[in-house]
Each structure stands twice: as structure tokens, then as C-alpha cells.
Amino acid sequence: MSGDADAVVAAVRAVADRIESERSHLTDLDSAIGDADHGGNMARGWAEAADAVADLDDPDAQTAVKTAGKTVLSEVGGAAGPLYGGSLVFASPELEGGITPETAVAFAETYLEKVKDRGDANVGDQTMVDALTPAVHTFKKSIETDDLPPLEALAKAVAAAEIGVQFTVPIRASKGRASYLGWRSVGHQDPGATSTLYIMEELLETAADQFDSEVPDVDATSPTIPDAEAAEN
């Protein structure tokens, strides 16, 4: 098994353990504005995914991610299966050449676009997209514009996702079951955005372990000034 595949297997197990530990909290969040099944469904699906990738015989990163996605897709009920699992399957070809900063950005962008497409959701709809969009945008800019090390870029993405989760609290839901509540959805944290943050936090912890490094203590702000060269001229 390649080092990249090892990292994927470790990340899926870490996500499964984290979602299980947060099962009750996710259920409580979903009880307020949904149907109270997000915690249980996600815990079951990711546990099955962790077992599935652990059983693979010498996979590459793409195969491991695709296997995790297919398992989540089949084991998680409701809309979450296609959103979390189906989008992983769709984005997995971006990792055909292994995990590099460039392929990680491509994977993240493809995953985000598929989530938005499947859920017909945009920023401001009080969904997982509110956490995922700032995370992906921050990661992409950190890698491609700010030229930051991958671990720092990922840490900034996690910080951005955390802001996105908080953003879901004071806005009205426009998609999903929560949208049926109308203005009563205001003041409640979206469970999908929350579980997305948990997943990203575990990806960051796994990456830090792979790099044998501490998780960088950073926020989501950029270290560069836009159009700095133009301003100098």
C-alpha cells in the first residue's frame, strides 16, 4: 500500500471515530431543524467505510477514496449518502496521480462542485456548503496564490470551515428539511456543516501525523495583499 493510500485509510478511520464520538451532538443539532438521523446515519456509514478501506489489498489513494465514497453512499440514508459519499466517488479520479498539493486542490474543487450540484445548494442556504465553500476557497488560495506549505494551507481551510459553520446559525435555511421551518430555522447550527467541519479537522490531524508535525496554529486570513505588485507600480 502506498503512503498516500495509508493516509487515506488512516483518515477514514479517524473520521469514523470522530463522527461516532459526536453522534449525540449531531443528532441534537438535527433534532432541532431536521429529522434527527444525521448523527446515527453518518456514524454507521463512516464506520462501514473505515472497515471497507482497511480490507483493500494494496490500493492507491484514488481507489481508497472511491471505496470510502461508495460505502458511505450505500450505507448513509437520506440525502447525506449522495452528498458525502457520491461526491467522494465523483472527485476520486482527481487523485489518480497520488496526493499532491495540486491534486488535492483539484479534488477539493471537484468535490465542492458535486456537493453543490447534488444538493442544489449555494452559500447562504444553511447547508454543508456554507462550511465547505470557504474551506475549499481558502485551501486553493493558500496553495496556488500564497504558496503556503500544504499542512498550513489545510489548517487555514479548517479555520475557514469553522467560520462557515458559525455562519449557518443566524441565517434562514433555504434547502433541505430545515427549510420547511422557515424563519424558525434561524438560530440553529446546521448539522451537515458541523459534520463537514469534523471531517476536515480529522483530515488535518491525519495530515499532521503523516508529516510528523504539529497542527499549525493559524486563522483563515491570507498573508498576502491582493494586487501587491500592481500597487507597487
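Residues numbered from 1 in each chain as written. Predicted model: local features only at pLDDT ≥ 70, side-chain atom pairs only at ≥ 80, totals over all residues. Heavy atoms only, no water.

Taking an unreviewed UniProt entry as the reference, the chain is identified by name as Dihydroxyacetone kinase subunit L belonging to Halonotius terrestris.

**Q** Would you mind going over the side chain of threonine 206 with me for this structure?
**A** Note that threonine 206 resides in helix 9 (residues 191-210). By relative accessible area, threonine 206 is classed as buried at 8%. A polar atom in the side chain of threonine 206 sits 2.9 Å from the backbone oxygen of glutamate 202. Filtering out sequence-adjacent residues up to four positions away, threonine 206 remains in contact with Ala7, Ala10, Ala11 and Ala14. (Helix = DSSP H or I, 4+ residues; strand = E, 2+ residues; numbered from the N terminus. Buried < 20%, exposed > 50% of the residue type's maximum accessible area, 1.4 Å probe, protein only. Polar contact = N/O pair within 3.5 Å; in protein donor to acceptor, adjacent residues only side chain to side chain. Contact = heavy atoms within 4.5 Å.)

**Q** Explain the environment of arginine 118 here, please?
**A** Topologically, arginine 118 is positioned in helix 6 (residues 101-119). We classify arginine 118 as partly exposed; its relative accessible area is 40%. Residues arginine 118 and tyrosine 84 lie 34 residues apart in sequence; the distance between their C-alpha atoms is 9.9 Å. Within the structure, arginine 118 has its side chain in polar contact with the backbone oxygen of proline 82 (distance 3.5 Å).

**Q** What is the right way to look at unusual backbone geometry in this model?
**A** For residues that are not glycine, phi is negative in most cases, and the peptide bond is trans in most cases. Even without being glycine, alanine 36 reaches a positive phi, approximately 70°. Here aspartate 212, not a glycine, exhibits a phi torsion of approximately 55°, which is positive. Structurally, aspartate 212 can be placed in the loop between helix 9 and helix 10 (228-232).

**Q** Quick question: what am I supposed to make of the packing of helix 1 (residues 3-21) against helix 3 (residues 38-54) here?
**A** Geometry of a packed helix pair, given as the angle between the helix axes and the separation of the axes. Two elements in contact, helix 1 and helix 3, have axes separated by 8 Å at closest approach and are oriented at 155°. Here helix 1 lies roughly antiparallel to helix 3, going by the angle between them. Like other packed secondary-structure pairs, helix 1 and helix 3 cross with a definite hand, here left-handed. Here Val9, Val12, Arg13, Val15, Ala16, Ile19 and Glu20 of helix 1 lie close against helix 3, whose contacting residues are Met42, Ala43, Trp46, Ala47, Ala49, Ala50, Asp51, Val53 and Ala54. Split by residue class, the contact of helix 1 with helix 3 holds 13 nonpolar, no polar and three charged. (Axes fitted to C-alpha atoms, helices over the stretch in contact; angles between N-to-C directions. Parallel < 35°, antiparallel > 145°, perpendicular 65-115°, else oblique. Left-handed = near helix turned anticlockwise from the far one by under 90°. Nonpolar A, V, L, I, M, F, W, Y, C, P; charged D, E, K, R; others polar.)

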